[in-house]
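# Descriptive structure summary
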Amino acid sequence: MINKLRILLRYLNYRLKAKTKHAVHSPFVFDFICNVLEDKNVYPQYKNVEQQVIRLKRNPNSIETVDFGSRRGRTGYTTRLRKVKEIAATTGISRKYGRLLFRIVKYFNPEYILELGTSTGISTMYQAIAAPSAVFKTIEGCASTAALAQESLHAAGCSNVSLVMGNFNKVLPETLGSLRRVDHAFIDGNHTYEATVNYFGEIASKAGNDTLLIFHDIHWSAEMEKAWEEIIKHPRVTVTIDLFNMGLVFFRRGLSRQHFIIRY
């Protein structure tokens, strides 16, 4: 209850600071708002993904899950028995933000995609189906949820995704080494300050001028907010966009160094 109240207060603070496109003077960010955030098209690919989401959210079976990192401030290695429908409902990305991920990938058309935190594969499907020819590597630490994700990815027609099993800290370096570069990355894993900053540093080493990194839950905790503030200050980062549930990080040279809080 206390954590929910803190998140609500952070959200109210975000709403007070958030701007619309009419207060944005960056042509790059203005175009992003108009063409991505405000894109109301209902793309046919949504149906492919959302049919699998419904199936997951109706699955009453229980599986043993392993958590190597924190989503709620805990650290360490934990296991527990959970219902599939509960996992999909609580850890899966919402339809609003899943569709946004689809539109982002569609708009920027990355060639090399990385994801940290596959879970049941909901966010993975939204991104993969938007760029079917991209090389897509997604990492998941829990074998049972990874199996669910693999099944959903196959059913949704996302044949370009390679699912890497293991603790992020152990498999991320090798996974990055297998990619020519990272054009787009979605980071939704260990929600601690140290882990988030470390992931940023490792992935940024493979970033090019057009790379976009997306961090989920940037206001989930004080640690995540601290990590977000440090990422913003990195010398290679030019533009960042705070959408409350997501933080977008751009490395584009030629753009004025600015941080935007945009209402979404």
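Structure: above.
Attention in this report is confined to the structure presented alongside it.

### Overview of empty space enclosed by the protein
Scanning the entire structure with this criterion turns up two cavities of 30 Å³ or more. Roughly 50 Å³ of volume is contained in the largest cavity. Residue lining of the largest cavity: Thr 91, Gly 92, Ile 93, Gly 117, Thr 118, Ser 119, Thr 120, Gly 121, Ile 122, Ser 123 and Asp 188, and that is the complete set. Residues of the lining of the largest cavity, tallied by class, amount to two nonpolar, eight polar and one charged.

### Comments concerning the sheet that holds strand β8 (residues 239-242)
Read across the sheet, eight strands follow the order β5-β4-β3-β6-β7-β9-β8-β10 without closing on themselves; strand pairing throughout is mixed. Each having just a single partner strand, β5 (161-165) and β10 (258-261) make up the two edges of the open sheet. Taking each pair of neighbouring strands and ignoring which way they run, the sheet shows an average axis angle of 15°. One ladder, built from four bridges, connects β8 with β10; its direction is parallel. Paired with Ile 241 across the strands is Phe 260, a residue of β10.

### Considering the side chain of Thr 124
Positionally, Thr 124 belongs in helix α6 (residues 122-128). On the accessibility criterion, Thr 124 (0% relative accessible area) is buried. Discounting residues that sit within four places of it in the chain, Thr 124 has contacts with Glu 115, Thr 118, Phe 136, Thr 138, Leu 153 and Val 161.

### Here's the deal with the packing of aromatic side chains
Enumeration over the complete set of coordinates arrives at 16 aromatic pairs. Consider the rings of Phe 32 and Phe 250, whose centres lie 6.4 Å apart with planes at 75°: the pair is edge-to-face. With Phe 32 in helix α2 (residues 27-37) and Phe 250 in strand β9 (residues 246-250), this pair connects stretches of sequence that are 218 residues apart. Taken individually, Phe 32 and Phe 250 each receive the classification buried, so the pair is uniform in this respect. Aromatic rings pair up to connect Phe 28, Phe 32, Tyr 107, Phe 108 and Phe 250 into one cluster. Lys 96 extends its terminal NZ or CZ atom over the ring of Tyr 264, reaching a point 4.6 Å from the ring centre. A cation over an aromatic ring shows up here: Lys 226 above the ring of Tyr 193, its NZ or CZ 4.4 Å from the ring centre.

### Quick notes on helix α3 (residues 44-57)
Compared with an ideal rise of 1.5 Å per residue, which puts 14 residues at 20 Å, α3 spans 21 Å between its outermost C-alpha atoms and is within 8% of the ideal. Those residues of α3 that fall on the buried side of the exposure criterion are Tyr 46, Val 49, Glu 50, Gln 52, Val 53 and Leu 56. Elements in contact with the buried residues of α3: α4 (84-91), α5 (95-108), α6 and α7 (143-156).

### Details of unusual backbone geometry
Trans peptide bonds make up the majority, and among non-glycine residues the majority have a negative phi. Even without a glycine there, the phi angle at Ser 119 is positive, about 55°. Its place among the elements puts Ser 119 in the loop between β3 (112-116) and α6. Residue classification places Ser 119 among the buried positions, given a relative accessible area of 9%. One non-glycine residue, Asp 217, lies in positive phi territory at about 60°. Within the fold, Asp 217 resides in the loop between β7 (207-216) and α10 (222-232).

### A word on the nonpolar core
In terms of nonpolar packing, the biggest core is built from 55 residues, with Leu 100, Ile 241, Met 246 and Leu 248 touching the most fellow members. Contact partners of Met 246, with chain neighbours within four places excluded, come to Ile 93, Tyr 97, Leu 100, Leu 101, Phe 186, Ile 214, Phe 215, His 216, Ile 218 and Ile 241.

### Some words on α5
The first and last C-alpha atoms of α5 sit 20 Å apart over 14 residues, in line with the 20 Å expected at 1.5 Å per residue. Every buried residue belonging to α5 is among Tyr 97, Gly 98, Arg 99, Leu 100, Leu 101, Phe 102, Arg 103, Ile 104 and Val 105, and all of these are buried. One or two residues past the end of α5 sits Asn 109, with phi positive at roughly 50°.

Procedures and definitions
Residues numbered from 1 in each chain as written. Predicted model: local features only at pLDDT ≥ 70, side-chain atom pairs only at ≥ 80, totals over all residues. Heavy atoms only, no water. 1 Å grid on protein atoms, 1.4 Å probe; cavity = no way out; pocket = protein on both sides within 12 Å on 5 of 7 lines; lining within 4 Å. Points joined across faces, edges and corners; volume = space filled by probe spheres on them. Nonpolar A, V, L, I, M, F, W, Y, C, P; charged D, E, K, R; others polar. Pairing = 2+ DSSP bridges. Helix = DSSP H or I, 4+ residues; strand = E, 2+ residues; numbered from the N terminus. Axes fitted to C-alpha atoms, helices over the stretch in contact; angles between N-to-C directions. Buried < 20%, exposed > 50% of the residue type's maximum accessible area, 1.4 Å probe, protein only. Contact = heavy atoms within 4.5 Å. Phe/Tyr/Trp six-rings, centres within 6.5 Å; stacked < 30°, edge-to-face > 60°. Lys NZ or Arg CZ within 6 Å of the ring centre and 35° of its normal. Expected span 1.5 Å × (residues − 1). Core = buried A, V, L, I, M, F, W, Y, C linked by side-chain atoms within 4.5 Å.

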